[in-house]
Structure formats: structure tokens, C-alpha cells
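Letter by letter, the chains look like this.
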Amino acid sequence: MIFGVSNDERLIGLQNVQDTSEKISEIIKTKMDPIPQVVLDNHIEDGKAFIILRVLPGQETPYYYAADGNHIAYVHVGNESAPADAIALKRLVLRGTNMTYDSIVSSYRFQEFSFTKLSSVYRNRTGMELSDSDFISFELAAENGKLTNAGVLLADESPLKHSRLFCTRWYGLDKVSGVMEALDDKEYSGSLVSLLQNGMEFVKNNSKKRWKKTGTGRVEMPEYPEQAVHEALVNALIHRDYMEVGSEVHMDIFDDRMEIYSPGGMPDGSIVQNLDTDHVVSKRRNPVIADIFSRMHFMERRGSGFKKIKEDYHRAVNYRSEVEPLF
């Protein structure tokens, strides 16, 4: 924040920099809880004095405005600040306690649920059995016998109803063709492992797989590279915001494209359209879930999903620039 600039962005300057600095410091100390770490710098430009206030990123979130009978946490919405709603406040509290949604211990007991799908896939992909002690080691369950949210999401009959996958093969180029709305429509629930497998099966059943002859055999030319779709669906299920109740992962296939939607933006609040997707810093919203999927070799521990999707497209025989994936 720059003090000494008018609301219409004219450089006015300050009459008394020392007094203003002291007032700013006093307001921060008396009206914020906890007190954030700030840096106050004096700046001279065109003979006018200004104060530049830098607020350093803090780990003790949420930070509250605590004065005038209020105790309110604010979040940025575009270029403005607005009171944090219940979900935003929960995110801030989790961040301030170094916890993530998937690591929270739930009210569900481990012994009341089955994990046949997870155990079977884990054995097939790792060659090892998934023991009860592994559930605690992998933070899928706690010592008190309760499941973490990650464990709940991986149970065969997951009780979290908003953890679902909606798949639709639409007729035409949009959702309102006027002739026939959908050629195929499925709603999947249960373990995240089942959602991944069912989603891949849906794509397989609703997309074409062309091929052409070569001198030594034939080359496959699928509409959508299987590994790229797999990577995108893993990303959607593992990194979605499970605190967004009432919204699910959607996979929509049209005549000319496939769209995969996952609730929640980038974990750090950045806008994916503004990022270089070849160099996205790895930051996992649900590290416990990501860890077990990594152990089953469904994903890598480093943040390379976007790049891998694009690389898989570029390797395809029928690749052309107009089908470059968009994020």
C-alpha cells in the first residue's frame, strides 16, 4: 500500500511522514489480531514524501480486524476486500494450523468401512498388501480408530456425497443442441480409485480410436491421448477443493472437445490462465490423497501434471496446434 496517493491516483504526498508512520504502526498493533509482519519504507518522488507499506505473507491465518466491536477476517475478491464466508474462514484456519482438509480426523470409524477397491488396486500396482498399520502410516486413519477425510474419500462406499463424478457425452457442440441433449450420461460415487477407473472407462466408451497402417503394422490415433486424459482426471480428483460442498467433478464430452471441471481454483490463489503451465510450482491441496495415489503410481510427487498432459498431446501422431489443451 502506498500512502500519499489520492483515490484518483494523483501523487499528493504526505505533510508529516513521521507522524503518519507512527499512526499506521499504532493502528496495525491495536486493530489486528494476530499482528502481521510489515515493512514501512519512506519514499521521495518529485519532491513529495510517501510511505510504502509492505505486508509480508503470514502463516498464522486468519488475520482479523479486531476493533469497534468487530472481529472479522477479510479476503480479496478481485480488487476489493470482503468478509470471509464460512468456507473461506475454514481454509484460513486450516492454513494457520498447518493442516489440510484431507488430514483432518473425521467422525467415521475405520472398522465401519471396507476398502476392497483401494486394497486391490494397491496390491496390483505395487505388489504389496495394504495392512491396517499402513492406513495409520499413510494418514488415512488415526490412532483412535477414526478415519481422516482422506480415508473417508477412499472408502468403497464413501459417505461424502459431494465426492462424485458426473460424466456426459453431449450431442453436438454444446449442452443445448435442441435435437438430443445427451448420448450417454453417468453419475459415479464411492472411492476415489473407483471414480478414476469409471471415468477412464466412460471416455473409452464415448470416444473414437482411429488407426492407420504403416509398413510394420499400424499406428493408433485416438481422439484423446489416454495418458493425457488420465493425468487430467487424476488432477481433477486429487487436487479438487473438497470443502466446496454441492459441487462435483464433471467430465463433458462434445463432438469437438472434452472438458474436465474440478471445484476450486489453484491452491495458492493464482489464476491458471496467467501461469506458464510448463513451470507450475508443486503445491498440493490434498497431500495425503496425493501421497497414496503417488504410491500407486497414478501420479508423480512433483508438480508436472500440466506439462505431462501437453507433452502427451505433442507426441500423438495426429497432433496439431489447434487441439492444444487449454487450462
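Thresholds, definitions, all that
- Residues numbered from 1 in each chain as written.
- Predicted model: local features only at pLDDT ≥ 70, side-chain atom pairs only at ≥ 80, totals over all residues.
- Heavy atoms only, no water.
- Helix = DSSP H or I, 4+ residues; strand = E, 2+ residues; numbered from the N terminus.
- Rg over C-alpha atoms; globule rule 2.2 N^0.38 Å.
- Buried < 20%, exposed > 50% of the residue type's maximum accessible area, 1.4 Å probe, protein only.
- Areas by Shrake-Rupley, 256 points an atom, 1.4 Å probe, with all protein chains shown as cover.
- Lys, Arg positive; Asp, Glu negative; His and termini not counted.
- Charge placed at Lys NZ, Arg CZ, Asp CG, Glu CD.
- Core = buried A, V, L, I, M, F, W, Y, C linked by side-chain atoms within 4.5 Å.
- Contact = heavy atoms within 4.5 Å.
- Salt bridge = Lys/Arg side-chain N within 4 Å of Asp/Glu carboxyl O.
- Pairing = 2+ DSSP bridges.
- Axes fitted to C-alpha atoms, helices over the stretch in contact; angles between N-to-C directions.
- Parallel < 35°, antiparallel > 145°, perpendicular 65-115°, else oblique.
- Patch = residues over 30% accessible without salt bridge, like charges linked within 9 Å, V, L, I, M, F, W, Y side chains within 5 Å.
- Left-handed = near helix turned anticlockwise from the far one by under 90°.

Describing the overall build of the protein
In step 1: Within the protein, the regular secondary structure consists of nine helices and 15 strands.
In step 2: Relative to the globule expectation of 20 Å for 327 residues, the C-alpha radius of gyration of the protein, 25 Å, shows a markedly less compact shape.
In step 3: When its C-alpha atoms are laid out on the principal axes, the protein stretches across 80 × 55 × 40 Å.
In step 4: When each of the 327 residues of the protein is scored for burial, the buried share is 39%.
In step 5: Carbon and sulfur atoms make up 50% of the accessible area of the protein, which amounts to about 19500 Å² in all.
In step 6: Once the 39 positive and 48 negative side-chain charges of the protein are each reduced to a mean point, those two points are 5 Å apart.

As for the nonpolar core
In step 1: Leu 118, Phe 293 and Met 296 are the most contacted members of the largest nonpolar core, which totals 54 residues.
In step 2: For this core, the element with the highest residue contribution is helix H7 (residues 226–238), accounting for eight residues.
In step 3: Ignoring any residue separated from it by four or fewer positions in sequence, one finds Leu 118 in contact with Leu 130, Phe 135, Leu 140, Leu 154, Asp 156, Val 193, Ile 292 and Met 296.

Considerations on the pattern of salt bridges
In step 1: Within this structure, the stated rule accounts for 16 salt bridges.
In step 2: Here the salt bridges share partners, and the residues they tie into one network are Arg 91, Asp 241 and Glu 244.

Remarks on the sheet that holds strand S10 (residues 164–170)
In a beta sheet, neighbouring strands are held together by backbone hydrogen bonds and run either parallel or antiparallel to one another.
In step 1: Strands sit in the order S11-S10-S14-S15 across an open sheet of four strands; the sheet is mixed. A strand with exactly one partner marks an edge of an open sheet, and here the two such strands are strand S11 (182–189) and strand S15 (258–261). On average, adjacent strands in this sheet sit at an angle of 10 degrees to one another, irrespective of strand direction.
In step 2: Across seven bridges, the pairing between S10 and S11 is antiparallel. Each bridged residue has a counterpart across the sheet, and for Trp 170 the counterpart in S11 is Ala 182.
In step 3: The sheet strands contacting H7 are S10, strand S14 (249–253) and S15, and the helix crosses S15 at an angle near 25 degrees.

Topic: the packing of helix H3 (residues 116–126) against helix H6 (residues 192–205)
In step 1: Where H3 meets H6, the axes come as close as 8 Å, and the angle between the chain directions of the two elements is 70 degrees. In terms of their interaxial angle, H3 and H6 are classed as roughly perpendicular. Every residue of H6 that contacts H3 at Lys 117, Leu 118 and Val 121 is listed here: Val 193, Ser 194 and Gln 197.

Quick look at a nonpolar patch on the surface
In step 1: A cluster of nonpolar side chains, namely Ile 2, Val 5 and Leu 11, defines an oily patch on the protein surface of about 230 Å² accessible area.
In step 2: On the secondary structure map, Leu 11 appears in the loop between strand S1 (2–3) and helix H1 (17–31).
In step 3: Judged by its relative accessible area of 39%, Leu 11 is partly exposed.

A closer look at the pairing of S14
In step 1: Most of S14 sits out of view: four of its five residues are buried.
In step 2: Here S10 runs beside S14; their pairing, made up of five bridges, is parallel. Looking across to S14, one finds that Cys 167 is bridged to Met 251.
In step 3: The sheet contact formed by S14 and S15 spans four bridges and is antiparallel. Among the inter-strand pairings, His 250 is bridged to a residue of S15, identified as Tyr 261.
In step 4: The turn linking S14 back onto S15 is made up of four residues.

What about the packing of H7 against helix H9 (residues 305–315)?
Packed helices, taken two at a time, are described by their axes: the angle between them and the distance between them.
In step 1: At a closest axis distance of 8 Å, the pairing of H7 and H9 adopts a crossing angle of 160 degrees. Of the possible angle classes, the one that applies to H7 and H9 is roughly antiparallel. Between H7 and H9 the crossing geometry is left-handed. Facing H7, whose interface residues are Glu 226, Gln 227, Ala 228, Glu 231, Ala 232 and Asn 235, H9 presents Gly 305, Phe 306, Lys 308, Ile 309, Asp 312 and Tyr 313.

Overview of H3
In step 1: Of all the residues in H3, the buried ones are Leu 118, Ser 119, Val 121 and Tyr 122.
In step 2: Looking at the buried residues of H3, the elements they touch are helix H4 (132–137), helix H5 (149–154), H6 and helix H8 (287–295).
In step 3: With its phi angle positive at about 80 degrees, Gly 127 sits one or two positions after the end of H3.

By themselves, these observations are geometric and do not establish any function.
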